[in-house]
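Examining the three-dimensional arrangement
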Amino acid sequence: MTVTKAAQAFVLHKGGTFAFEERSKPTLQSDRDVIVRVMATGLCGSDVHYWQHGRIGPYVVEDPIILGHESTGIVVESGSGAAGLAVGDRVALEPGIACNTCNHCRNGRYNLCRGMRFAATPPYDGTLATYYRVPAECCFKLPSHISLRDGTLIEPLSVAVHSCQLAGFMQDKSVAIFGAGPVGLLCCAVARAFGASTVIAVDVVPARLASAVKYGATHTYQMSSEAADKNAADLLAMAGLEDGVDVALDATGAEPCLNGGILALTQGGTFVQVGLGKPNLSVPVGQICDKEIVFKGSFRYGPGDFKLAIGLLDSRRIRLDGLVTHEYPFGQAEDAFKNVAGRGGIKSVIYGPNVDEEEAKASSV
Ligand SMILES: NC(=O)C1=CN([C@@H]2O[C@H](COP(=O)(O)OP(=O)(O)OC[C@H]3O[C@@H](n4cnc5c(N)ncnc54)[C@H](O)[C@@H]3O)[C@@H](O)[C@H]2O)C=CC1
Ligand SMILES: O=C(CO)[C@@H](O)[C@H](O)CO
Ligand SMILES: [Zn+2]
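Just so it is clear, the structure is predicted and the values come from calculations on it, not from any experiment.

Re the nonpolar core
Counting 63 residues, the largest nonpolar core has Val190 and Ile318 as its most contacted members. The element best represented in this core is helix H4 (residues 182-193), accounting for nine residues. Discounting chain neighbours no more than four positions away, the residues touching isoleucine 318 are Leu157, Ala189, Val190, Ala193, Leu312 and Leu313. Phe18, Ile56, Ile65 and Leu67 belong to the second largest nonpolar core, which has 24 residues in total.

With respect to the pairing of strand S8 (residues 90-93)
Taking every second residue as pointing to the same face, both faces of S8 are buried, with Arg90 and Ala92 on one and Val91 and Leu93 on the other. Pairing between strand S7 (residues 70-78) and S8: three bridges, direction antiparallel. Residue glycine 73 lies in a different strand from S8, and its bridge partner there is valine 91.

Describing the coordination of the zinc ion (ligand 3)
Bound to the zinc ion (ligand 3) on the protein side are Cys44 (SG) and His69 (NE2), at distances that span 2.1 to 2.4 Å. One can describe the site at the zinc ion (ligand 3) as irregular: its four donor atoms subtend angles covering 75 to 154 degrees at the metal. Within this pair, whereas cysteine 44 is found in the loop between strand S3 (33-42) and helix H1 (45-53), its partner histidine 69 is found in the loop between strand S6 (65-66) and S7, the two being separated by 25 residues in sequence. With a relative accessible area of 6%, histidine 69 lands in the buried category.

Here's the deal with the site of ligand 1
Lining the immediate environment of ligand 1, one finds 26 residues, of which Asp203, Arg208, Val274, Ser298 and Arg300 sit closest. One of the backbone nitrogen or oxygen atoms of glycine 45 is found 3.1 Å away from an oxygen atom of ligand 1. At 3.3 Å, a side-chain N or O of arginine 343 approaches an oxygen atom of ligand 1. Its free accessible area being 860 Å², ligand 1 has 90% of it covered by the protein chains. At the level of elements, H1 and H4 are the ones that each hand at least two residues to the shell around ligand 1. With three residues, H1 is the largest single contributor of residues to the shell around ligand 1. For the shell around ligand 1, the residue count by class is 14 nonpolar, eight polar and four charged.

A word on the packing of helix H3 (residues 154-166) against H4
Packing of H3 against H4 brings their axes to within 8 Å, and their N-to-C directions diverge by 55 degrees. In terms of orientation, H3 and H4 fall into the oblique class. Every pair of crossing elements has a handedness; the one defined by H3 and H4 is right-handed. Here H3 contributes Pro156, Leu157, Val159, Ala160, Val161, Ser163 and Cys164 to the contact with H4, which in turn contributes Val183, Leu186, Cys187, Val190 and Ala191.

Topic: the site of ligand 2
All residues in the neighbourhood of ligand 2 are listed as Cys44, Ser46, Tyr50, His69, Phe118, Thr121, Glu155, Val159, Phe299 and Arg300. Taking histidine 69, its side chain carries an N or O atom lying 3.2 Å from an oxygen atom of ligand 2. Within the side chain of glutamate 155, one N or O atom sits 2.6 Å away from an oxygen atom of ligand 2. Here the residues of the shell around ligand 2 sort into five nonpolar, three polar and two charged.

Some words on the UniProt feature "domain: Enoyl reductase (ER)" (unreviewed entry) in the protein chain
Within the UniProt annotation, "domain: Enoyl reductase (ER)" (unreviewed entry) is assigned to residues 15-350. Helix and strand shares over residues 15-350 are 27% and 27% respectively, and the end C-alpha atoms of the span are 22 Å apart.

Let's talk about the environment of glycine 108
Assignment of secondary structure puts glycine 108 in the loop between helix H2 (103-106) and strand S10 (117-118). A sequence separation of 177 residues divides glycine 108 from valine 285, and the C-alpha atoms of the two residues are 30 Å apart.

A look at helix H6 (residues 228-239)
In this model, H6 (12 residues) spans 17 Å end to end at C-alpha, consistent with the 16 Å of a helix rising 1.5 Å per residue. Taken together, the buried positions of H6 are occupied by Ala228, Asn231, Ala232, Leu235, Leu236 and Ala239. Mapping the buried residues of H6 onto a view down its axis gives an arc of 125 degrees, with all of them on the same face. In this fold, the buried residues of H6 make contact with strand S13 (174-178), strand S14 (198-203), strand S15 (219-222), strand S16 (245-250) and helix H7 (255-264). Backbone geometry just after H6 places glycine 240 at a positive phi near 65 degrees.

What counts, and at which threshold
Residues numbered from 1 in each chain as written. Chains lettered and ligands numbered in written order. Predicted model: local features only at pLDDT ≥ 70, side-chain atom pairs only at ≥ 80, totals over all residues. Heavy atoms only, no water. Core = buried A, V, L, I, M, F, W, Y, C linked by side-chain atoms within 4.5 Å. Buried < 20%, exposed > 50% of the residue type's maximum accessible area, 1.4 Å probe, protein only. Helix = DSSP H or I, 4+ residues; strand = E, 2+ residues; numbered from the N terminus. Contact = heavy atoms within 4.5 Å. Pairing = 2+ DSSP bridges. Donors = N, O, S within 2.8 Å, 3.2 Å for Na, K, Ca; no water. Tetrahedral: all angles 85-135°; square planar, octahedral: opposite > 155°, others 65-115°. Near = heavy atom within 4 Å. Polar contact = N/O pair within 3.5 Å; in protein donor to acceptor, adjacent residues only side chain to side chain. Areas by Shrake-Rupley, 256 points an atom, 1.4 Å probe, with all protein chains shown as cover. Nonpolar A, V, L, I, M, F, W, Y, C, P; charged D, E, K, R; others polar. Axes fitted to C-alpha atoms, helices over the stretch in contact; angles between N-to-C directions. Parallel < 35°, antiparallel > 145°, perpendicular 65-115°, else oblique. Left-handed = near helix turned anticlockwise from the far one by under 90°. UniProt positions renumbered as here; feature names shortened; annotations may be inferred. Expected span 1.5 Å × (residues − 1). Arc of directions from axis to C-beta.

Here it is as structure tokens:
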């Protein structure tokens with residue numbers, strides 16, 4: 001297939017400057033591929049890390065890169081083998097394409113694939129562009145009551161599903177979730193949907209904590225500048241859980257939160273690390289040994305996580321209403337990055353080039 005129409009892209013250059021550039025419209029590379037017109041993209045804390053710090057751990061911005069990986073769109077072309085998908089379908093995109101041949105993929109942990117081509121993780125371009133090409137298995141039809149705008153939250157919801165599943169059986173458990181950004185709030189919602197009896201949301205921003213109660217938190221705690229042990233003791237006392245929480249989950253990447261979470265855990269508790277940021281942090285190793293804490297890293301999502309996330313929406317056990325607080329036309333994409341960096345609202349969404357915003361905000365029922 002030949003290149004037909006030019007496409008627009010919002011490109012990050014090394015050093016942190018953005019530019020609007022023209023790119024070729026992607027073409028089908030296999031009969032399982034589909035081309036999606038990107039309608040809306042949510043900004044993730046990770047996109048902002050690449051802009052502000054040029055890297056997350058081993059992933060470094062060396063060459064110009066299109067950011068954005070929380071997207072929905074409309075199928076505009078589909079290969080002959082793209083079973084179940086048709087032009088015009090409204091879809092959420094799973095933005096990582098694994099090799100499907102290595103041991104990790106074959107063992108059902110494709111998020112650990114070393115050959116993963118993940119949108120907006122250097123060197124792979126993301127979705128802040130007119131079009132994006134994915135294999136059919138990375139397209140998930142949106143439930144009819146979910147708009148293209150709110151459907152952008154399915155990617156971070158899948159992150160939350162993955163990390164809560166790593167924490168183990170949550171029925172009747174107490175869970176402290178550090179960070180009330182989109183990922184932390186969605187973790188609160190998933191923990192409640194999975195049966196947790198107590199969900200404590202922890203953050204420094206009061207407005208974000210106020211939102212947490214709408215998405216499943218039973219308690220909120222505003223971190224102070226006191227030492228981590230004092231914060232841990234205070235949050236446990238506030239929730240009446242002096243023996244500690246069963247699960248602590250960090251969705252900040254901030255050292256005081258990792259420390260607070262480890263200190264707040266009960267003996268034999270589980271800690272799940274989702275937040276990314278500085279590569280090396282100081283943590284209380286003695287506490288991890290003393291309490292035989294299980295410390296787990298959580299990376300993106302694996303088999304079944306997108307499907308489960310969509311199932312939680314379909315069954316209305318999780319609602320996304322109100323999480324998108326800021327919307328930007330494509331031409332104002334940089335303002336969206338500035339808003340997220342300033343912790344404005346909860347989720348900022350950038351509409352695709354020339355998108356009719358009313359169409360993107362509407363559900364299909
Ligand atoms: N492991 C993975 O696969 C993934 C990791 N992430 C990471 O998860 C994190 C959360 O993502 P978003 O919710 O989109 O980011 P965000 O930046 O909107 O939210 C982070 C929240 O943490 C809070 N916070 C930061 N420092 C704090 C401190 N010292 N004490 C208390 N609260 C503090 C902020 O106020 C904010 O509400 C980011 O680090 C992101 O890079 C995101 C997606 C996938
Ligand atoms: O934000 C996410 C996924 O939602 C991170 O895993 C980045 O892909 C890291 O580059
Ligand atoms: Zn992300």
